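# Understanding the architecture of this molecule
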Amino acid sequence: MTETVTVRELVKALPLEIISGNEASLDRLIDTGDISRPGLELTGYFSYYSHDRLQLFGRKEMTFADRMTPEERLIVMRRLCEKDTPAFIVSRGLAVFDEMIQAAEENEIPVLRSPISTSRLSGEISSYLDGQLAPRTSIHGVLVDVYGLGVLIQGDSGIGKSETALELIKRGHRLIADDRVDVYQKDELTVIGEPPKILEHLIEIRGIGIIDVMNLFGASAVRGYMQVQLAVYLEAWEKDKKYDRLGSDETKVSIADVDVPQIRIPVKTGRNVAIIIEVAAMNFRAKTMGYDATKAFEERLSRLIEENSGQ
């Protein structure tokens, strides 16, 4: 599913103040994360004007416009106003010239202003819009923040995913989403998971029902979104099945077209899966920092074999 963003939502999410705009103008839709800096357009060159993008005016654009006559500014600003132009945004808290407000009000286009620098504002807007407008897909599982690591817990129905997540929450970790996780690709290497609005802060425990994690454990027990960095698959223990005991089997699972490392944990009576997932998260972080216990063990084993063979 593809999300949409209104100018009103953008104003709420970022440090933007409304200089001009009515209720209808604030409901204008933004359908691209790209931003236009209309420098050439101020000179009268409109051959490749990206009118469907947010129009960001920085110090260069405002300084150039200041050298124009009021009549010239009004003509250019009216040409900048198209039916699908979402908004005009002025950075650095610069003064907004009257002709921009006049042309914008004539076409019901909001005028916004931010106190932060142009390059930083452009980056924040693009980052927010890219995340909000990215296509979402839903996957089955539970997403938990474990020691700052986004861990997606998956497995067969009834294996104990939600119960494991509840134990992790009691141990101080944070819930992002239970049962269904909406995921989207932030970039080629990053996938973000978040809860559907209807399931936000909720978790289902068989025999108890639906509980509100935020109300029971406090605001520190939940998060709104998280990068999915590790996938854990819980599977029923099979007596005759061989399991990886050294951690040398590296597998990955594709989530929103991003390959995420995956480990499989067999579940049986007596195993504290929550603690195992905690250790798995710490071990994964240690690997990303350059320490691999499996490689260290193999090196020790190799040295021991060499020492024994030399005797």
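What you see is a predicted model; the values in this text were computed from it and never measured.

### A closer look at the overall build of the protein chain
- Along its length, the protein chain carries eleven helices and 19 strands.
- For the protein chain, whose C-alpha radius of gyration is 27 Å, the value lies well above the compact-globule estimate of 19 Å for 311 residues.
- Per-residue burial for the protein chain yields a buried fraction of 44% across its 311 residues.
- Long-range pairs, those at least 24 residues apart, make up 68% of the contacts in the protein chain between residues at least 6 apart in sequence.
- Accessible surface computed for the protein chain: about 17300 Å², of which carbon and sulfur atoms make up 49%.
- Both charge centroids of the protein chain, one from 38 positive and one from 49 negative side chains, sit 5 Å from each other.

### Observations regarding the nonpolar core
- Among the nonpolar cores identified, the biggest contains 28 residues, and Val151, Ile153, Ile203, Leu234 and Ile277 are the most heavily contacted of them.
- Elements with a minimum of two residues in this core: β9 (142-146), β10 (149-155), α8 (161-170), β14 (202-205), β17 (230-236), β19 (258-267) and α10 (273-288).
- Residue contributions to this core peak at five residues, all from α10.
- Discounting residues that sit within four places of it in the chain, Ile203 has contacts with Ser162, Ala165, Leu166, Ile169, Leu175, Asp178, Gly209, Ile210, Ile211 and Val213.

### Examining the packing of aromatic side chains
- This model, assessed by the stated rule, comprises three aromatic pairs.
- Ring geometry for Phe57 against Phe88: centres 5.9 Å apart, planes inclined by 80°, an arrangement best described as edge-to-face. Highlighted residues: Phe57 in strand β5 (residues 54-57) and Phe88 in strand β6 (residues 88-90), separated in sequence by 31 residues. Summarising the burial analysis for this pair, Phe57 and Phe88 share the class buried.
- Directly above the ring of Phe97 sits Arg73, whose terminal nitrogen or CZ lies 5.6 Å from the centroid.

### Section: the domain arrangement of the protein chain
- When cut into domains, the protein chain gives domain 1 (5-133) and domain 2 (136-296).
- One C-alpha centre belongs to domain 1, the other to domain 2, and the line joining them spans 41 Å.

### Concerning the sheet that holds strand β11 (residues 174-177)
- Ordered by their spatial adjacency, six strands build an open sheet running β11-β9-β10-β17-β19-β18, and the pairing between neighbours is mixed. Here the strands that pair on one side only, and so sit at the sheet edges, are β11 and β18 (251-255). Sheet twist, expressed as the mean angle between neighbouring strand axes with direction ignored, is 35°.
- Pairing analysis gives three bridges linking β9 to β11, with the strands arranged antiparallel. Its bridge partner lying in β11, Asp145 is registered against Arg174.
- Against the sheet, α8 touches β9, β10, β11 and β17, its axis set at about 20° to β9.
- Against the sheet, α10 touches β9, β10, β17 and β19, its axis set at about 135° to β10.

### Notes on helix α6 (residues 98-106)
- Of the positions making up α6, those classed as buried are Glu99, Met100, Ile101, Ala103 and Ala104.
- Buried residues along α6 sit against β2 (17-20), β5, α4 (59-66), α5 (70-80), β6 and β7 (111-113).
- Downstream of α6 by a residue or two, Glu108 has a phi angle that is positive, lying close to 55°.

### Thoughts on the packing of α5 against α6
- Put simply, α5 and α6 touch, their axes get as near as 9 Å, and they point 35° apart. Read as a crossing pair, α5 and α6 show a hand that is right-handed. Here Pro70, Arg73, Leu74, Met77 and Arg78 of α5 come into contact with α6, specifically with Glu99, Met100, Gln102, Ala103 and Glu106.
- A breakdown of the residues in the contact of α5 with α6 according to their chemical character gives five nonpolar, one polar and four charged.

### Quick notes on the sheet that holds strand β13 (residues 190-194)
- Ordered in space as β8-β12-β13-β16, the four strands form an open sheet in which the pairing is antiparallel. The open sheet has two edge strands, β8 (137-140) and β16 (226-227), and neither has a second partner.
- The sheet contact formed by β13 and β16 spans two bridges and is antiparallel. Opposite Gly193, over in β16, you have Met226 as the bridge partner.

Thresholds applied
Residues numbered from 1 in each chain as written. Predicted model: local features only at pLDDT ≥ 70, side-chain atom pairs only at ≥ 80, totals over all residues. Heavy atoms only, no water. Helix = DSSP H or I, 4+ residues; strand = E, 2+ residues; numbered from the N terminus. Rg over C-alpha atoms; globule rule 2.2 N^0.38 Å. Buried < 20%, exposed > 50% of the residue type's maximum accessible area, 1.4 Å probe, protein only. Contact = heavy atoms within 4.5 Å. Areas by Shrake-Rupley, 256 points an atom, 1.4 Å probe, with all protein chains shown as cover. Lys, Arg positive; Asp, Glu negative; His and termini not counted. Charge placed at Lys NZ, Arg CZ, Asp CG, Glu CD. Core = buried A, V, L, I, M, F, W, Y, C linked by side-chain atoms within 4.5 Å. Phe/Tyr/Trp six-rings, centres within 6.5 Å; stacked < 30°, edge-to-face > 60°. Lys NZ or Arg CZ within 6 Å of the ring centre and 35° of its normal. Domains from an automatic or database assignment. Pairing = 2+ DSSP bridges. Axes fitted to C-alpha atoms, helices over the stretch in contact; angles between N-to-C directions. Left-handed = near helix turned anticlockwise from the far one by under 90°. Nonpolar A, V, L, I, M, F, W, Y, C, P; charged D, E, K, R; others polar.

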